[in-house]
Amino acid sequence: MNKRNILITGGAGFIGSHVVRLFVNKYPDYRIVNLDALTYAGNLANLKDIENTPNYVFEKADICDFEAMEQIFKKYNIDGVIHLAAESHVDRSIKDPFSFAKTNIMGTLNLLEAARRTWQIPNSKSQIPNLFYHVSTDEVYGELDFDDTLFTETTAYDPHSPYSASKASSDHFVRAYRDTYGLPIVISNCSNNYGPYQFPEKLIPLFINNIRHNKPLPVYGKGENVRDWLYVTDHARAIDVIFHNGKQGDTYNIGGFNEWKNIDLIKVIIETVDRLLGRTKGESEKLITYVTDRAGHDLRYAIDATKLKNELGWTPSLQFEEGIEKTAQWYLENQDWLDNVTSGDYQQYYEKMYG
Ligand code: NAD
Ligand code: DAU
């Protein structure tokens, strides 16, 4: 008998795979059901080390398929959901907004409705408090100016990209299910993650891979945009803490208190990768290529994670210098993984995106 049956969606993706790994290893008495459609961003190789663990199950399914979601809730007697499955890349959302609306809004709605129908059967005997946890992003808050104060949980939503608009919409649906049907929910909004298993369309793995292969480093605009960076396993730890101890119905911001201007971050990546490859210091700076800016490019994101610290005692565990060194080392040592995920469709995306 499992103590809990937890559905983690998007568990074959970047952050999801770290959350699945943490939960499978830390909670042997929970059954962890990883539900993923295995899109271009999902890869079961991310979970090789835990795939044969007895408390782990994988289900290939699409969150846009409502009947399949209902069946999975029933089949595994799901009592908790950690929902990460999404289209996650801003540049792709600019080229194909429909698939973002479909997966991020309709997919989330399907899961909410499946949870509502399964958990709100009259006279349900379950002793376990159900919880629907939506993993969201700081991008829903819009952008900050350089001297603005940080995003807090009460900052008004002001999304600018089709990606952030779809995530904002899914957050609204989650709160609507709380307010209309009494569904037990919690939401977290996190800043930029980095670390192993991130698809190399995102800034940090893309640039590490390009430096290694002496390819141009496409810096959008003037490289002055600012992001707050958090090591991915610290995000997974925060999700664990919020899932178990967060206040039902609440929202928690998660961030690294670690803001970097893109161009400064890129120089740190270059310095680190050049050193690890035994190249002369700064040798790869010549690869920096300023390209046309991203449409609607948000100037600055910066998260105030004080509530999470004060209420639940979470703080980031890794210093940025250590995190970036570990990350660069991992990508350099895992060229097979990179080659595998960058073959096929990704080549076409890269050509279309960067010419
Ligand atoms: P990712 O793109 O690496 O992974 C997404 C996963 O979802 C993949 O495994 C993919 O196969 C799966 N998926 C996509 N569409 C699906 C569908 N229709 N049905 C089932 N599975 C589907 O994304 P990520 O960077 O790991 O982000 C995970 C979540 O965290 C997303 O909801 C994202 O909005 C949020 N988030 C990401 C960051 C970040 O910096 N990456 C920061 C804050 C919040
Ligand atoms: O803030 C959280 C968000 O962080 C998540 O919700 C998203 O899923 C995640 O993709 C990330 O969004 P960003 O757009 O901030 O991440 P990305 O890695 O795409 O870009 C980081 C910054 O680097 C951004 O200012 C754009 C810039 N950039 C990015 C790429 C891919 C470049 O200058 N050149 C590039 O080639």
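Computed from a predicted model, the values in this text were never measured in an experiment. (Residues numbered from 1 in each chain as written. Chains lettered and ligands numbered in written order. Predicted model: local features only at pLDDT ≥ 70, side-chain atom pairs only at ≥ 80, totals over all residues. Heavy atoms only, no water.)

**Student:** Provide a residue-level description of the site of ligand 1, including the pertinent values.
**Tutor:** Residues in close proximity to ligand 1 total 28 residues, the closest being Ile15, Asp36, Ser88, Tyr163 and Lys167. Thr39 is positioned such that a nitrogen or oxygen atom in its backbone is 3.0 Å from an oxygen atom of ligand 1. (Near = heavy atom within 4 Å. Polar contact = N/O pair within 3.5 Å; in protein donor to acceptor, adjacent residues only side chain to side chain.)

**Student:** Explain the packing of helix α4 (residues 97-119) against helix α5 (residues 162-181) residue by residue, including any values.
**Tutor:** Contact pair α4 / α5: the axes reach a minimum separation of 9 Å and the direction vectors enclose 15°. Taken together, α4 and α5 sit at an angle that is classed as roughly parallel. You can see that α4 and α5 cross each other, and the crossing is right-handed. Mapping the contact onto sequence places Pro97, Phe100, Ala101, Asn104, Ile105, Thr108, Leu109, Leu112, Glu113 and Arg116 in α4 and Pro162, Tyr163, Ser166, Lys167, Ser169, Ser170, Phe173, Val174, Tyr177 and Tyr181 in α5. (Axes fitted to C-alpha atoms, helices over the stretch in contact; angles between N-to-C directions. Helix = DSSP H or I, 4+ residues; strand = E, 2+ residues; numbered from the N terminus. Parallel < 35°, antiparallel > 145°, perpendicular 65-115°, else oblique. Left-handed = near helix turned anticlockwise from the far one by under 90°. Contact = heavy atoms within 4.5 Å.)

**Student:** Quick rundown of the sheet that holds strand β11 (residues 259-261)? Include the residues and the values.
**Tutor:** Pairing is mixed in the open sheet, where 3 strands are placed in the order β7-β9-β11. The open sheet has two free edges, formed respectively by β7 (192-194) and β11, since each of these has just one partner strand. The sheet shows a mean angle of 50° between the axes of neighbouring strands, taken without regard to direction. Where strand β9 (residues 226-231) and β11 come together, 3 bridges link them in antiparallel fashion. Within β11, the residue paired with Asp228 across the bridge is Glu259. (Pairing = 2+ DSSP bridges.)

**Student:** Go over the packing of helix α2 (residues 66-76) against α4 with me, naming the residues and quoting the values.
**Tutor:** In helix packing, the relevant descriptors are the interaxial angle and the interaxial distance, both defined with respect to the helix axes. Remark: α2 packs on α4, axes separated minimally by 9 Å, with the N-to-C direction vectors making an angle of 40°. With respect to their mutual orientation, α2 and α4 come out oblique. Like other packed secondary-structure pairs, α2 and α4 cross with a definite hand, here right-handed. For the pair formed by α2 and α4, the contact residues are Phe66, Met69, Glu70 and Phe73 on the first element and Asn110, Leu111, Glu113, Ala114, Ala115, Arg117, Thr118 and Trp119 on the second.

**Student:** I'd like to hear about the pattern of salt bridges, residue by residue, with values.
**Tutor:** Within the structure shown, the criterion is met by 20 salt bridges. Residue Arg117 pairs with Glu70 through a salt bridge whose shortest N-O separation is 3.9 Å. Residue Arg117 is located in helix α4, and its partner Glu70 is located in helix α2; the two are separated by 47 residues in the primary sequence. On the basis of relative accessibility, which here comes to 16%, the residue Glu70 falls in the buried class. Among the salt bridges present, the one from Arg116 reaches Glu113, with a minimum N-O distance of 3.0 Å. Linking Arg116 with Glu113, this pair stays in helix α4, spanning 3 residues, or about one helical turn. For Arg116, a relative accessible area of 23% corresponds to the partly exposed category. The class for Glu113 is buried, based on a relative accessible area of 10%. Salt bridges sharing common partners tie together Glu70, Lys74, Glu113, Arg116 and Arg117. (Salt bridge = Lys/Arg side-chain N within 4 Å of Asp/Glu carboxyl O. Buried < 20%, exposed > 50% of the residue type's maximum accessible area, 1.4 Å probe, protein only.)

**Student:** For the sheet that holds strand β2 (residues 30-36), give the residues involved together with the corresponding values.
**Tutor:** Pairing within the open sheet is parallel, and its 7 strands lie in the order β3-β2-β1-β4-β5-β6-β10. In the strand order of this sheet, the two ends are held by β3 (56-60) and β10 (251-254), each with one partner. Across this sheet, the average inter-strand angle for adjacent strands is 20°, counted without regard to direction. Its contacts with the sheet put helix α1 (residues 14-26) on β1 (4-9), β2, β3 and β4 (80-83), and the angle it makes with β2 is roughly 165°. Lying over the sheet, helix α7 (residues 232-245) contacts β1, β2, β4, β5 (131-137), β6 (185-190) and β10, oriented at roughly 145° with respect to β5.

**Student:** Tell me about the packing of aromatic side chains, and please be specific about residues and values.
**Tutor:** Counted by the stated rule, this structure contains 19 aromatic pairs. Plain terms: the ring middles of Trp330 and Trp337 are 5.4 Å apart, the flat faces sit at 70° to each other, and that makes the pair edge-to-face. The class for Trp330 is buried, based on a relative accessible area of 14%. Aromatic rings pair up to connect Tyr194, Trp229, Tyr231, Trp260 and Phe320 into one cluster. Across from the ring centre of Tyr40, 3.6 Å away, lies the NZ or CZ of Arg92, which sits over that ring. Positioned above the aromatic ring of Phe146 is the side chain of Lys261, whose terminal nitrogen or guanidinium carbon lies 5.9 Å from the ring centre. (Phe/Tyr/Trp six-rings, centres within 6.5 Å; stacked < 30°, edge-to-face > 60°. Lys NZ or Arg CZ within 6 Å of the ring centre and 35° of its normal.)

**Student:** So what's going on with the pairing of β4? Which residues, and what values?
**Tutor:** What you see with β4 is no split at all: Gly80 and Ile82 on one side and Val81 and His83 on the other are buried throughout. In the sheet, β1 pairs with β4 via 4 bridges, with the strands oriented parallel. Bridging from a neighbouring strand, Ile8 pairs with Ile82 of β4. Taken together, the 4 bridges between β4 and β5 define a ladder with parallel strand orientation. Across the sheet, Ile82 pairs through a bridge with Tyr133, a residue of β5.

**Student:** I'd like to hear about the site of ligand 2, residue by residue, with values.
**Tutor:** Lining the immediate environment of ligand 2, one finds 25 residues, of which Thr137, Asp138, Tyr163, Arg294 and Tyr354 sit closest. Contacts to ligand 2 include Tyr220, whose backbone N or O atom sits 2.9 Å from an oxygen atom. Contact distances for ligand 2 include 2.8 Å between an oxygen atom and a side-chain N or O atom of Arg227. Along the lines of polarity and charge, the residues of the shell around ligand 2 split into 11 nonpolar, 8 polar and 6 charged. (Nonpolar A, V, L, I, M, F, W, Y, C, P; charged D, E, K, R; others polar.)

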